Each structure stands twice: as C-alpha cells, then as structure tokens.
Amino acid sequence: RVADLPFACGQTYTNLGTDAASGTPQDFRIYVYDVRLVTDAGEEHPVDLDDDGLYQGGGVAMLDFEDGTGACNNGTAELHTTLKGVVRAQPRHSDGEAGYSEIRFRIGIPEEQNHAELTTLPAPLNDTTMSWSWNAGHIFFSAWGVFGGAAPFDLGVHVGSTGCMGDAMLGEVVACSNANRPEIALAGFDHDSSKIVIDWGAMFAGLSLAAPSAACEEVEGETSCGCHSFGPEPLCTPLFTPLGLDWSNGKNVAGQSVFRVQ
C-alpha cells in the first residue's frame, strides 16, 4: 500500500514526506525469514517456508511488489506478494479456535547465507539485483521512488549489513558490525483472515521530497538521493527509522511504521 491506496508502479501518489510532495515508485522488494506465529501465551511456533524454486528457498522468501511498469522499468513483470509455508504446531483456545494472535519475522537473510557466493545459493538468494557483492552481502530491503515534480530526482534505500570484515572466498567467517536485520512483530494477527500491509509511502515520511537535499549527488547527469546503508547519515537515519532500525548501530528500536495488520 501507499497509505490506504494500492501500490502500483505506474501511479503517482500525493501527500508524501514532510512537505506533502508527490512521488512515483521505482522499486519495492523485501527479503523475509524467521517467520513465527505467536500464541496468546507468547509461545513462538516457526513457519517452514515452502521452496518454490523461484521466490522462496533456503528458508528465505523475497516479496516483490514491483511489476516492471512505469518508473519500475528496471524490474520484472513477475510479482510475489504472499508467503507460503507450514506452521509446525497448531495451539488451540479452550473453545477450539486457533490460538495465534501475533506474527513475527525478520527482514533480511541469515548471516550464514548472506556472504556466500551467489551461484551456490538457491533462488531467490541468487538474485544479483538484490546484492552488492558476494562479500558485502545481499540487499535485504529496497524501496525507491521518483520525486520532485518538474525537477525529478531518485530517492530510496537499500538496507543490508555494513561494517563487514572477513573474506568468505578464503574460508574466513564474515562478521558485520551493523547487522541491519529488523524484527517485525505484529499483534492482532489472525492467520485465517488477516493480511499484512507494507506501506511504501511510510518509508519516506521523515524526508522533504519536493526538492533534493544537500546530501544528494549527481550521477550521470541525474540527481540521486540514495541511502545504501553506508550513508550519508542525513538520508539513512530517516529511511531506517520507519523499519525500526537505528542506522548508527544496526539494532532494532521501537516504532516501526511500515508494517501493519489489516
């Protein structure tokens, strides 16, 4: 969604950011893993994601909301908007109804898979458009758009682990100072009827979008305002906050605003 409107690559949305600007999506893709359903008593029951050979594999799923149209012309026509899997247990209330009331999951890819050579990994982990390099790892979350009206500029975020040391190709363990894998916990989730809304517009709520900021740069004659997790801080901090991430250390903080239960 973009607020309460359906997300669409060819659509221009208004009332975005701190200055009620307009914008058009370019990308919206997310890696998800460690999915759990949670009982009323707080017990976690893992969900084993199905392997489909395309969008789910290796315990990880890619959610892909861009369809290659409009400003998303660097994307693909295929979509993947539903997680499919099997929960390992089914607790019950005293009245016989299923006893799950919350869902939890992580954005990203497990550390042990993040720095492997892409050709050794199953789909969707081998997607070269969602990685920096084999050693720097994967892009966990990508949200981009075109803003600025008559003077358009690109703005968005690529979330992935940073401060990584070690050479995986030499058999070394790669360790990253900033993991940047937010855990999302959503109460009030009914697995029979609830849907999870992921709000592209909420990612940009803390930024002025009518004109590029001083932190933006010129790339091949076009203005780009990107946070690739490495910086700059004036762009990365407001783009990490909606995910419940502290850009300075890569840890969870309260107050994520991108995901909600419907």
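Everything below is about the structure shown above.
**A short note on the nonpolar core**
Counting residues in each nonpolar core, the largest one holds 60 residues, and the members touching the most others are Phe141, Trp200 and Phe259. If one sorts the elements of this core by residue count, strand 2 (residues 21-39) sits on top with 8 residues.

**Some words on the state of the cysteines**
Within this structure, the stated rule accounts for 4 disulfides. Each disulfide pairs two cysteine sulfurs, and for Cys164 the partner residue is Cys176, the sulfurs being separated by 2.1 Å. Between Cys164 and Cys176, the S-S torsion sits near 105°, and that sign places the bridge as right-handed. Of this pair, Cys164 sits in strand 12 (residues 162-165) while Cys176 sits in strand 13 (residues 175-178), placing them 12 residues apart in sequence. For Cys216, the disulfide goes to Cys225, at an S-S distance of 1.9 Å. Measuring the twist about the S-S bond at about 110°, one finds the Cys216-Cys225 disulfide to be right-handed. Overall, the relative accessible area of 17% leaves Cys216 in the buried class. Take the cysteines of the protein that form disulfides and number them in order along the sequence; they join up as 1-2, 3-4, 5-6, 7-8.

**Considering the side chain of Arg29**
Here Arg29 is to be found in strand 2. Residue class for Arg29 comes out buried when judged on its relative accessible area of 11%. At 2.9 Å, the side chain of Arg29 forms a polar contact with the side chain of Thr129.

**Some points on the environment of Gly59**
Counting through the fold element by element, Gly59 comes out in the loop between strand 4 (56-57) and strand 5 (60-64). Under the relative-accessibility criterion, Gly59 is labelled partly exposed at 41%. Taking the C-alpha atoms as reference points, Gly59 and Leu49, 10 residues apart in sequence, are found 5.8 Å from one another. Discounting chain neighbours no more than four positions away, the residues touching Gly59 are Val32, Tyr33, Asp34, Leu49 and Asp51.

**Examining unusual backbone geometry**
Pro124 follows Ala123 through a cis peptide bond whose omega is 10°. By secondary structure assignment, the location of Pro124 is in the loop between helix 1 (111-114) and strand 8 (131-133). For the bond running from Gly231 to Pro232, omega is 0°, close enough to zero to count as cis. Residue Ala3 is not a glycine yet carries a positive backbone phi of 60°. If you trace the backbone, Ala3 turns up in the segment before strand 1 (13-16). A relative accessible area of 43% means that Ala3 is categorised as partly exposed. Phi at Asn15 takes a positive value of approximately 60°, unusual for a residue other than glycine. Position of Asn15 relative to the elements: it lies in strand 1. Using a relative accessible area of 62% as the deciding quantity, one classes Asn15 as exposed.

**Comments concerning the pattern of salt bridges**
Summed over the entire model, instances satisfying the criterion amount to 11 salt bridges. A salt bridge links Arg36 to Asp34; its shortest N-O distance comes to 3.4 Å. Classification of Asp34 as partly exposed rests on a relative accessible area of 31%. With its nearest N and O atoms 3.1 Å apart, the salt bridge here joins Asp34 to Arg106. Separated by 72 residues along the polypeptide, Asp34 in strand 2 and Arg106 in strand 7 (residues 100-107) bring together distant segments of the chain. With a relative accessible area of 25%, Arg106 lands in the partly exposed category. Put simply, Asp34, Arg36, Glu44, Glu102, Arg104, Arg106 and Glu183 are held in one network by salt bridges that share partners.

**A few points about the packing of aromatic side chains**
Scanning the model with the defined rule gives 11 aromatic pairs in all. Ring centres of Phe147 and Trp200 lie 6.0 Å apart, and the angle between their planes is 10°; this geometry places the pair in the stacked category. Taken as a pair, Phe147 in strand 10 (residues 141-147) and Trp200 in the loop between strand 15 (196-198) and strand 16 (217-219) lie far apart in primary sequence, 53 residues in all. Note on Phe147: relative accessible area 1%, which makes it buried. An aromatic cluster is defined as three or more aromatic residues linked by ring pairs; in this entry it consists of Phe7, Tyr13, Phe28, Phe65, Phe141, Phe147, Phe153, Trp200 and Phe204.

Rules of the game
Residues numbered from 1 in each chain as written. Predicted model: local features only at pLDDT ≥ 70, side-chain atom pairs only at ≥ 80, totals over all residues. Heavy atoms only, no water. Core = buried A, V, L, I, M, F, W, Y, C linked by side-chain atoms within 4.5 Å. Buried < 20%, exposed > 50% of the residue type's maximum accessible area, 1.4 Å probe, protein only. Helix = DSSP H or I, 4+ residues; strand = E, 2+ residues; numbered from the N terminus. Disulfide = S-S within 2.5 Å. Polar contact = N/O pair within 3.5 Å; in protein donor to acceptor, adjacent residues only side chain to side chain. Contact = heavy atoms within 4.5 Å. Salt bridge = Lys/Arg side-chain N within 4 Å of Asp/Glu carboxyl O. Phe/Tyr/Trp six-rings, centres within 6.5 Å; stacked < 30°, edge-to-face > 60°.

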